[in-house]
Amino acid sequence: MMLENKVALITGGSSGIGESIAKRFLKEGARVVITGRSKKRCDAVQKQFEKLHPYAVDAIVGDVSIWKDAKQMVEKTFSRFGKIDILVNNAGVYLEKRLEETTEEEWDQVININLKGVFLCSKAAYPYFAEQGGGTIINMSSDSGVSGNRDEAAYCASKGGVTNLTRAMALDYAKENIRVNAICPAVIHTPMFQREIDLQEDKGAYIQEIGEMHPVGRVGKPEEVAFVVLMVAADEASFMTGANIAVDGGLTAGQF
């Protein structure tokens, strides 16, 4: 029970990596609030979790790129459970396009959700962390936030921003006992990746091709990322802040 009596807000917690993080946190004793833009999906995941963890989970519908929504997510978490110990800024979108192919609207959407969302939710959570004497923020970056990738101009820009924003926040809040770290996954088999698979004529060959991009020879699993997030969130990791942790099958370790 590594997170017993902790309260966590997980944005984008209604699917993929965020859902796996919420599941693991609940298993470790936390009370969890998940967010998403789909009420149907949020309600379904909440009901699923409540079967094993009654009264320990809630769901909020909202858009992290809108200040009113971000503020409401934090306020409702505090109202529901009386505090907030952990903020996981996981909500994100992906765009595979070169710069000249990217529209202004697409650029704004990727930057607003992936980067501005981290800023707004963290800003909303800060007064609560400061008042209670500490807290933990975990931002979801990417291998694309560590090194550049082809055909991902807007996505690389957004995740590169998350990576360096994490460092800046860690320095700003270190003396206030607020830890800020980032997780940098490579390709993880989420519903988002499954949609890419479904577009392929030879699905098996595509999965193999993407898997072989990673030195370990496969794509990652959401629960593998969730476990690393758990370790970073735990009080036992109290000396860790400002870190950007690769969960990428060795992808960014060097030339492969």
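Look above for the structure.
What you see is a predicted model; the values in this text were computed from it and never measured.

### A few points about the nonpolar core
Moving on, step 1. Residues I21, F25, V32, I183, V225 and V229 are the most contacted members of the largest nonpolar core, which totals 32 residues.
Moving on, step 2. Looking at which element gives the most residues to this core, the answer is helix α8 (residues 222–233), with seven residues.
Moving on, step 3. Counting residues in hydrophobic clusters, the runner-up holds 27 residues, among them I113, A124, I137 and V180.

### Things to note about a nonpolar patch on the surface
Moving on, step 1. Taken together, the side chains of M2, F227 and M231 present a nonpolar region at the surface, about 250 Å² in accessible area.
Moving on, step 2. Note that F227 resides in helix α8.

### Topic: the packing of aromatic side chains
Moving on, step 1. In the structure shown here, the tally under the stated rule is four aromatic pairs.
Moving on, step 2. Consider the rings of F78 and Y128, whose centres lie 5.0 Å apart with planes at 45 degrees: the pair is tilted. Within this pair, whereas F78 is found in helix α3 (residues 67–81), its partner Y128 is found in helix α4 (residues 104–132), the two being separated by 50 residues in sequence.
Moving on, step 3. According to the relative accessible area criterion, F78 is partly exposed, its value standing at 35%.

### Focus: the sheet that holds strand β7 (residues 244–247)
Moving on, step 1. Read across the sheet, seven strands follow the order β3-β2-β1-β4-β5-β6-β7 without closing on themselves; strand pairing throughout is parallel. Taken across any chain shown, the strands that pair with only one partner, and hence form the sheet edges, are β3 (57–61) and β7. In this sheet, adjacent strand axes meet at a mean angle of 20 degrees when their direction is disregarded.
Moving on, step 2. Direction of pairing for strand β1 (residues 7–10) relative to strand β2 (residues 31–36): parallel, over a ladder of four bridges. If you follow L9 over to β2, its bridge partner there is V33.
Moving on, step 3. Its contacts with the sheet place helix α1 (residues 16–27) against β1, β2, β3, β4 (86–89), β5 (135–140) and β6 (178–185), and it is angled at close to 170 degrees to β1.
Moving on, step 4. Relative to the sheet, helix α2 (residues 39–52) contacts β2 and β3, its axis offset from that of β3 by approximately 180 degrees.

About the thresholds
Residues numbered from 1 in each chain as written. Predicted model: local features only at pLDDT ≥ 70, side-chain atom pairs only at ≥ 80, totals over all residues. Heavy atoms only, no water. Core = buried A, V, L, I, M, F, W, Y, C linked by side-chain atoms within 4.5 Å. Buried < 20%, exposed > 50% of the residue type's maximum accessible area, 1.4 Å probe, protein only. Helix = DSSP H or I, 4+ residues; strand = E, 2+ residues; numbered from the N terminus. Patch = residues over 30% accessible without salt bridge, like charges linked within 9 Å, V, L, I, M, F, W, Y side chains within 5 Å. Areas by Shrake-Rupley, 256 points an atom, 1.4 Å probe, with all protein chains shown as cover. Salt bridge = Lys/Arg side-chain N within 4 Å of Asp/Glu carboxyl O. Phe/Tyr/Trp six-rings, centres within 6.5 Å; stacked < 30°, edge-to-face > 60°. Pairing = 2+ DSSP bridges. Axes fitted to C-alpha atoms, helices over the stretch in contact; angles between N-to-C directions. Contact = heavy atoms within 4.5 Å.

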